[in-house]
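# Results of the structural survey
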Amino acid sequence: MRTQRQVVDYSLQKRSVLRDVHNGRIGTLEVCDASPYLKSAARFHGEPTDERCPICRRDNLTLVHYIYGDELKQSAGQARKLAELPILAMTLREFQVFVVEVCQTCAWNHLIEQFVLGRDALSADELDQAEALAAAAAGRHRETGSSSQRREGRR
């Protein structure tokens, strides 16, 4: 994504935890503790990956993107699909995204990445272009809605 910044990668921490699990210093029950809410978010809002679970190796991992920010108000802390993030990045000044990988079979979960998105990173030219694209997309949405209402006989 164009406005992605302040990226924190937790892959070294993940490798350390997995090494401790495989060496027997940490039990699998300690790392396979995804809450029912996280597993539900993975099912309905997650993005499937081709990467196998490092613990059970039975299922592929799912990425869940959680968003936080002052402008989000009641939406803060919600899981969002990856396709929604660029739209939010063009409409909001700044918000944080936390990416969690989840195994829906054994409940493994780990924070893998954190970054900031939003319009604040865009230059004036890029901001004008983004606003024009957003306006065009909103116009197409309104046109589609009005034509569907006409087809159903409503005006």
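Everything below is about the structure shown above.
Our subject in this report is the structure included herewith.

Parameters at a glance
Residues numbered from 1 in each chain as written. Predicted model: local features only at pLDDT ≥ 70, side-chain atom pairs only at ≥ 80, totals over all residues. Heavy atoms only, no water. Helix = DSSP H or I, 4+ residues; strand = E, 2+ residues; numbered from the N terminus. Polar contact = N/O pair within 3.5 Å; in protein donor to acceptor, adjacent residues only side chain to side chain. Contact = heavy atoms within 4.5 Å. Core = buried A, V, L, I, M, F, W, Y, C linked by side-chain atoms within 4.5 Å. Buried < 20%, exposed > 50% of the residue type's maximum accessible area, 1.4 Å probe, protein only.

With respect to the helices and strands, Asn109 occurs in strand 6 (residues 109–117). A polar contact is formed between the side chain of Asn109 and the side chain of Asp33, at a distance of 3.1 Å. Among the polar contacts listed, one links the side chain of Asn109 to the backbone oxygen of Ala107, at a separation of 3.1 Å. Beyond its immediate stretch of four places on either side in the chain, Asn109 contacts Val31, Asp33, Ala34, Leu38, Val100, Glu101 and Val102.

A word on the nonpolar core. Residues Ile67, Leu85, Phe95, Val97, Val99 and Leu117 are the most contacted members of the largest nonpolar core, which totals 13 residues. Of all the secondary-structure elements, those providing two or more residues to this core are strand 3 (60–68), helix 4 (84–91), strand 5 (95–102) and strand 6. Sequence-distant contacts of Ile67, that is, excluding residues within four places in its chain, are made with Leu72, Ser75, Ala76, Gly77, Gln78, Arg80, Leu85, Leu88, Phe95, Gln96 and Val97. Core analysis: the next-biggest nonpolar cluster, separate from the first, contains 11 residues, Val17, Val21, Val31 and Cys56 among them.

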